[in-house]
Amino acid sequence: MKHIHGGNVYQYKNCVDFSANCNPLGTPESVKTAIIKSLSHINDYPQVGCAPLKEAIGQYEGVKASQVICGNGAAELIFSLCRALKPKNALLPAPTFAEYEQALASVDCSCSHFFLKEEQYFSMDDSFLEKITKEFDIIFLCNPNNPTGILTDREFLMKVLEKCREHSVFLVVDECFLDFVKEPESYTLKYVLKEYQNLFLLKAFTKRYAMAGVRLGYGLTANEDLLQKMESVTQPWNVSSLAQAAGIAALKETEYVKEGRETVFKEQEFLKKEMKSLGFTVFPSQANYIFFKGERNLFKKCVEKGVLIRDCSNYPGLEAGYFRIAVKNHEDNKILLRALKDMERG
């Protein structure tokens with residue numbers, strides 16, 4: 001499968017971008033200001049280890065700073081985790097985020113897929129638990145899943161985690177989109193970190209604060225040996241001084257995060273209702289994006305109308321006709337709907 005991501009605004013320059021799922025409010029001004037101020041240190045190397053940023057993240061997440069690792073986006077952490085663990089066999093749901101398989105392939109890890117079923121809205125069920133055996137070294141899960149936006153409840157995740165510990169399987173749970181579900185505290189596994197040495201959680205500033213171009217992510221785990229191994233396979237200045245300053249500023253933006261969440265909840269319902277009325281098959285996504293089915297050439301038609309959506313046909317387990325759109329502000333969402341209605345009339 002070709003690794004294609006959303007957000008290619010450089011190729012599709014005149015389009016409103018619905019292919020990348022960032023906070024619809026845009027980047028906070030305080031973050032931009034922090035980046036500008038950090039330019040006074042542009043001639044200096046960044047702080048190795050990101051100690052002040054780790055402290056700020058620890059306070060924000062309610063975990064120890066020693067349980068935090070920072071990276072050049074969550075994607076870098078996925079790769080460094082694979083280099084540190086060197087797994088031989090992995091189990092992945094399908095469809096899910098392509099970066100997991102790409103990182104696993106980079107260390108010659110064989111991947112087996114557990115194909116999620118459309119008739120179950122691509123949700124997880126107990127049959128996944130039956131697949132967890134000593135045959136596997138690592139499992140990656142995304143909650144809510146990308147690109148479907150389907151949430152997996154914590155009770156089921158705890159069953160997965162227990163089964164993984166029983167069979168000495170390492171579990172990675174990507175919680176990057178959990179900030180945009182209605183009760184994130186009811187789904188996160190960060191409260192059981194200290195009890196499970198086989199657990200690693202992925203987080204990112206990218207989506208929560210609309211900072212995709214800054215490249216800043218972090219991981220949470222109580223496994224100190226793993227953190228040391230990850231740091232040993234990562235270049236020392238992987239997080240720029242600009243990104244570190246931006247991250248510290250972003251974590252203070254509590255009202256911004258609250259407003260962004262409220263915007264997503266309101267606009268998500270509006271978009272789902274309108275898209276269903278246009279005849280699209282809309283899945284019960286609960287993240288800041290909507291997964292749906294349409295005609296196979298919808299991506300091209302949207303680009304012609306000045307709208308960029310995410311064609312999901314390159315995900316394992318999907319085919320042409322599956323798409324994902326970000327939930328944006330009301331004016332942008334109306335542009336998308338106008339384009340879709342124009343196509344229907346045309």
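Up top you'll find the structure we're talking about.
As the structure is a computational prediction, the values presented were derived from the model and not from experiment. (Residues numbered from 1 in each chain as written. Predicted model: local features only at pLDDT ≥ 70, side-chain atom pairs only at ≥ 80, totals over all residues. Heavy atoms only, no water.)

What follows deals with the nonpolar core. F128, I132, I139, V160, L171, L199 and F205 are the most contacted members of the largest nonpolar core, which has 54 residues in total. No other element matches helix α6 (residues 154-166), which puts five residues into this core. Those residues in contact with I132 that lie beyond four places of it in its chain are L91, I139, V160, K163, C164, H167 and V169. If you look at the next biggest cluster of nonpolar residues, it comprises 27 residues, including I69, L92, F170 and L227. (Core = buried A, V, L, I, M, F, W, Y, C linked by side-chain atoms within 4.5 Å. Buried < 20%, exposed > 50% of the residue type's maximum accessible area, 1.4 Å probe, protein only. Helix = DSSP H or I, 4+ residues; strand = E, 2+ residues; numbered from the N terminus. Contact = heavy atoms within 4.5 Å.)

This part takes up the side chain of S38. Counting through the fold element by element, S38 comes out in helix α1 (residues 29-38). Taking relative accessible area as the criterion, S38 reaches 8% and is therefore assigned buried. Setting aside anything within four residues of it in sequence, one finds S38 in contact with S241, L242 and A245.

Two numbers describe a pair of packed helices, the interaxial angle and the distance between the axes. Between helix α3 (residues 73-85) and helix α8 (residues 224-232), the shortest axis-to-axis distance is 8 Å and the interhelical angle comes to 105°. By the criterion of interaxial angle, the relationship of α3 to α8 is roughly perpendicular. The segment α3 lies against α8, with L77, S80, L81, A84 and L85 engaging L226, K229 and M230. Split into classes, the residues belonging to the contact of α3 with α8 amount to six nonpolar, one polar and one charged. (Axes fitted to C-alpha atoms, helices over the stretch in contact; angles between N-to-C directions. Parallel < 35°, antiparallel > 145°, perpendicular 65-115°, else oblique. Nonpolar A, V, L, I, M, F, W, Y, C, P; charged D, E, K, R; others polar.)

Turning our eyes to something else, we now look at helix α2 (residues 51-61). Where α2 is concerned, the buried positions are L53, K54, A56, I57, G58 and E61. Just beyond α2, the residue with positive phi is G62, at close to 75°.

Moving on, we get to the pairing of strand β7 (residues 199-204). Burial analysis of β7 places six of its six residues in the buried class, which makes it a mostly covered element. Burial along β7 is two-sided: L199, L201 and K203 facing one way and F200, L202 and A204 facing the other are all buried. By the bridge criterion, four bridges tie strand β6 (residues 170-174) to β7 in an arrangement that is parallel. Pairing of V173 across the sheet is with L201, part of β7. Looking at chain direction, β7 and strand β8 (residues 217-220) are connected through four bridges and run antiparallel. Note that in β8 the partner of L202 across the bridge is G219. (Pairing = 2+ DSSP bridges.)

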